[in-house]
Amino acid sequence: MSHAQLMIAVAQVDASRPAGAERMQWLAQQLQLAKGQGVELLVVPELFASGYHTGPQVEQIAEAADGPIATAIMALAQTYQIAIHYGFAEREGQALYNAAQCIGPLGSVLGHYRKRLLPPGFEATYFTKGSETSVFKWRGFNIGMLICYDAEFPELARKLALKGADIILVPTALGSQWGWVAQQMMPTRGYENGVYFVYANYCGAENNMAFLGESFIASPLGHVAIRAGSEEALIVAQVSLDDVHTAQKRLPYLQDCQGL
């Protein structure tokens with residue numbers, strides 16, 4: 001058995017906080033708090049850097065994966081010696097993507113992902129679908145990446161688990177009317193694959209869109225280790241590779257689903 005462990009935090013932010021300098025200042029405060037709790041990886045919501053419910057403004061806000069936002073996040077990751085997994089609006093040529101990136105404490109990009117499934121409305125209007133799955137290795141863990149709506153499809157979480165993911169990180173922007181998704185459906189995704197599930201949502205409201213909050217970190221055995229409420233919060237939990245192995249041995253879903 002491997003005894004790899006990792007201290008993970010989710011920083012749930014009020015969506016009304018203006019994108020840009022104010023959000024980065026808030027993130028620095030959360031990193032300072034997280035540092036005091038031994039956190040090694042901090043996760044923030046979908047499109048954190050740009051704001052989620054921005055409409056056509058996203059065309060001006062979007063930037064390259066190595067643009068000014070990435071530079072600012074790199075500096076924070078190095079200052080606090082904490083890996084930061086964040087959502088942002090990515091521009092590549094004429095295409096815009098709803099993307100997420102994880103930058104390690106040495107300032108290097110550990111993982112990058114573009115949301116593959118876009119819900120109707122704002123996202124389907126402005127973004128292009130991504131096409132790749134993403135699992136990166138760090139500190140003894142295989143870490144998979146999904147974004148919001150992606151995680152509501154059992155197929156994508158299962159693909160990551162079959163690629164060896166031990167943890168799935170999900171920055172999200174879940175509206176206040178979707179309580180069941182955060183409370184029931186998302187912890188189930190972790191349980192049915194025997195993996196840790198880290199769900200990072202907004203609270204508050206942005207441009208008349210209200211968000212649920214209720215970010216959580218769930219174990220591969222189906223327990224929600226810690227969950228935020230409807231206010232800003234920093235939630236922290238330790239994850240253990242032993243628990244992943246125990247869960248997958250106890251319920252061999254990944255083995256038995258082969259050939260279905």
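Residues numbered from 1 in each chain as written. Predicted model: local features only at pLDDT ≥ 70, side-chain atom pairs only at ≥ 80, totals over all residues. Heavy atoms only, no water.

Focus: the confidence of the model for the protein
The test is simple: Known as pLDDT, the predictor's per-residue confidence is scaled from 0 to 100. Helix and strand assignments come from DSSP, with helices taken as H or I runs of at least 4 residues and strands as E runs of at least 2, each series counted from the N terminus.
Chain-level statistics for the protein give a pLDDT mean of 97 and a share of 99% at 70 or above. Of all helices and strands in the protein, the one with the weakest mean pLDDT is helix α2 (residues 58-61) (95), whereas strand β2 (residues 41-43) scores best (99).

Points about unusual backbone geometry
Just so we agree on the cut-off: Burial here depends on accessible area, computed with a 1.4 Å probe over protein chains only, as a share of the maximum for the residue type. Under 20% is buried, over 50% is exposed, and the range in between is partly exposed.
Its identity is not glycine, yet Arg-139 carries a phi of approximately 50°, on the positive side. The topology assignment puts Arg-139 in the loop between β6 (135-138) and β7 (141-145). Taking the relative accessible area as the measure of exposure, Arg-139 reaches 41% and is therefore partly exposed. Within the chain, Asn-207 stands out as a residue other than glycine whose phi angle is a positive 45°. Here Asn-207 shows up in the loop between β10 (205-206) and β11 (209-210).

Observations concerning the sheet that holds β7
Two strands in a sheet stick together by hydrogen bonds in their backbones, pointing the same way (parallel) or opposite ways (antiparallel). Our working rule: A strand pair is defined by DSSP finding two or more bridges across the two strands. Lines fitted to C-alpha atoms define the axes here, with helix axes fitted over just the stretch in contact, and angles between the N-to-C directions of these axes take values from 0 to 180 degrees.
Taking strand neighbours across the sheet as the criterion, the six strands line up as β6-β7-β8-β9-β12-β13 in an open arrangement whose pairing is mixed. Every other strand in the sheet has two partners, leaving β6 and β13 (224-227) as the edge strands with one partner each. Put simply, the sheet's adjacent strands are angled 15° from each other on average, direction ignored. In this structure, β6 lies alongside β7, joined through four bridges in antiparallel fashion. In the strand pairing of β7, Phe-136 is matched with Ile-143.

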